[in-house]
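Here's the letter readout for the chains.
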Amino acid sequence: MNSKVFLILIIVCSILGAIVSMNRNNDTPLSLDNQVELHSLIPEGADPNTITRFEFFAGAHPRQRVVINRTEEKWYVSSYFNSLARSERPNRMLKAVAEFKGEFRAEATDEQLTDYDLSNKRAFHIIGFNEETQKTVFHILVGKSLPSGNTFMRLAKDNTIFVVNQNLRKGAYMATDKFDEIPIADPWLDKQIADMPDAVFTKVELTMVDKTLVLEKNADDKWEATQGDLGFTLKPTAMELFTKSLTTLGALSVVTPE
């Protein structure tokens, strides 16, 4: 090969290399959503922020469900004596539903849905409803969980199955992955009675059916009964424990107002 031909080959290779390099630099990186085809779990155009009612139930027991309603900024467990709910929990569920995306797994027949625990009777149902418009914003079905922690999910009336890297059953405070487990209201209840960790008490009044007991600190910083005298000296340590318990007081449960 003479030197002139060799020089031409070098020039051609250099040009080709430059073209390849330019094409690589101009390539737009694919987003993660495009690479693995992630899809939203709520219908297009649906706004989770318009939801004023949540419903959770096992498909095997559709009548036994937890229902949570929102009035302005507060949530109430309407299926459990309309008790006040811990608002951060339904709000967290709203945020999760809006952000979760699923990876396409399969287009299933009605019979195949059972294999994923995604038939209507085996799935765990989560419904978001807007009471003003009387429309369902979303209806998500949660199926089997995988060893990786992912779960199978689909939308109601749609047999497209997705894999999601979160478990909405746990988000709804279900204790197990059993398809027929019935959700309970207790984890949603706001059972905080008092939350005043820095409060300092100098007087406590206890009103009972037949009498009133008033306990006060005197000038010597000791507790004494100023009304309904008990006839004996109060233990300082007992009063310290008692007043401390009043600063952060919570209930064990909520009972019927009747």
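Each remark here, short or long, concerns the structure printed above.
Now for a quick tour of the structure. (Residues numbered from 1 in each chain as written. Predicted model: local features only at pLDDT ≥ 70, side-chain atom pairs only at ≥ 80, totals over all residues. Heavy atoms only, no water.)

**Comments concerning the overall build of the chain**
For step 1, the next point in the chain: Looking only at helices and strands, the chain features six helices and 15 strands.
For step 2, the next point in the chain: Excluding contacts between residues fewer than 6 apart, the proportion of contacts in the chain whose partners are at least 24 apart in sequence is 54%.
For step 3, the next point in the chain: In the form shown here, the chain has an accessible surface area of approximately 16,900 Å², with 53% of it arising from carbon and sulfur atoms. (Helix = DSSP H or I, 4+ residues; strand = E, 2+ residues; numbered from the N terminus. Contact = heavy atoms within 4.5 Å. Areas by Shrake-Rupley, 256 points an atom, 1.4 Å probe, with all protein chains shown as cover.)

**Some points on the sheet that holds strand β4 (residues 74–77)**
For step 1, the next point in the chain: Judged by pairing direction, the sheet is antiparallel, and its ten strands sit side by side in the order β1-β6-β10-β9-β8-β7-β2-β3-β4-β5 without closing on themselves. The open sheet terminates on both sides in strands that have one partner only, identified here as β1 (38–40) and β5 (83–84).
For step 2, the next point in the chain: In terms of strand pairing, strand β2 (residues 53–58) meets strand β7 (residues 124–130) through six bridges, oriented antiparallel. Note on β7: the bridge partner recorded for Glu55 is Ile127. (Pairing = 2+ DSSP bridges.)

**Observations regarding the pattern of salt bridges**
For step 1, the next point in the chain: Evaluated as defined, the whole model comprises ten salt bridges.
For step 2, the next point in the chain: We note a salt bridge from Glu55 to Arg53, for which the minimum N-O separation is 2.9 Å. Of the two residues, Glu55 and Arg53, neither departs from the other in class, the shared state being buried.
For step 3, the next point in the chain: With a closest N to O distance of 3.6 Å, Lys217 and Asp221 form a salt bridge.
For step 4, the next point in the chain: Beyond isolated ion pairs, a larger network of salt bridges with shared partners links Arg53, Glu55, Arg65 and Glu131. (Salt bridge = Lys/Arg side-chain N within 4 Å of Asp/Glu carboxyl O. Buried < 20%, exposed > 50% of the residue type's maximum accessible area, 1.4 Å probe, protein only.)

**Points about the side chain of Asn130**
For step 1, the next point in the chain: Note on placement: Asn130 falls in strand β7.
For step 2, the next point in the chain: The buried category is assigned to Asn130, whose relative accessible area is 9%.
For step 3, the next point in the chain: Apart from residues no more than four positions distant in its own chain, Asn130 is found in contact with Thr50, Thr52, Lys135 and Val137.

**Describing helix α3 (residues 88–99)**
For step 1, the next point in the chain: Compared with an ideal rise of 1.5 Å per residue, which puts twelve residues at 16 Å, α3 spans 16 Å between its outermost C-alpha atoms and is within 8% of the ideal.
For step 2, the next point in the chain: Within α3, the full set of buried residues consists of Arg89, Pro90, Met93, Leu94, Ala96 and Val97. Down the axis of α3, the sector holding all buried residues measures 165 degrees, keeping them to one side.
For step 3, the next point in the chain: Along its buried surface, α3 packs onto β2, β3 (65–71), β4, β8 (135–145) and α5 (168–171). (Expected span 1.5 Å × (residues − 1). Arc of directions from axis to C-beta.)

**Observations regarding the environment of Val97**
For step 1, the next point in the chain: For Val97, the location among the structural elements is in helix α3.
For step 2, the next point in the chain: Residue class for Val97 comes out buried when judged on its relative accessible area of 1%.

**Some remarks on the pairing of β2**
For step 1, the next point in the chain: Among the six residues in β2, six count as buried, and that is most of the element.
For step 2, the next point in the chain: The side-chain alternation of β2 yields two buried faces, one formed by Arg53, Glu55 and Phe57 and the other by Phe54, Phe56 and Ala58.
For step 3, the next point in the chain: Where β2 meets β3, five bridges bridge the pair, whose relative direction is antiparallel. Residue pairing across strands places Glu55 opposite Val67, the latter belonging to β3.

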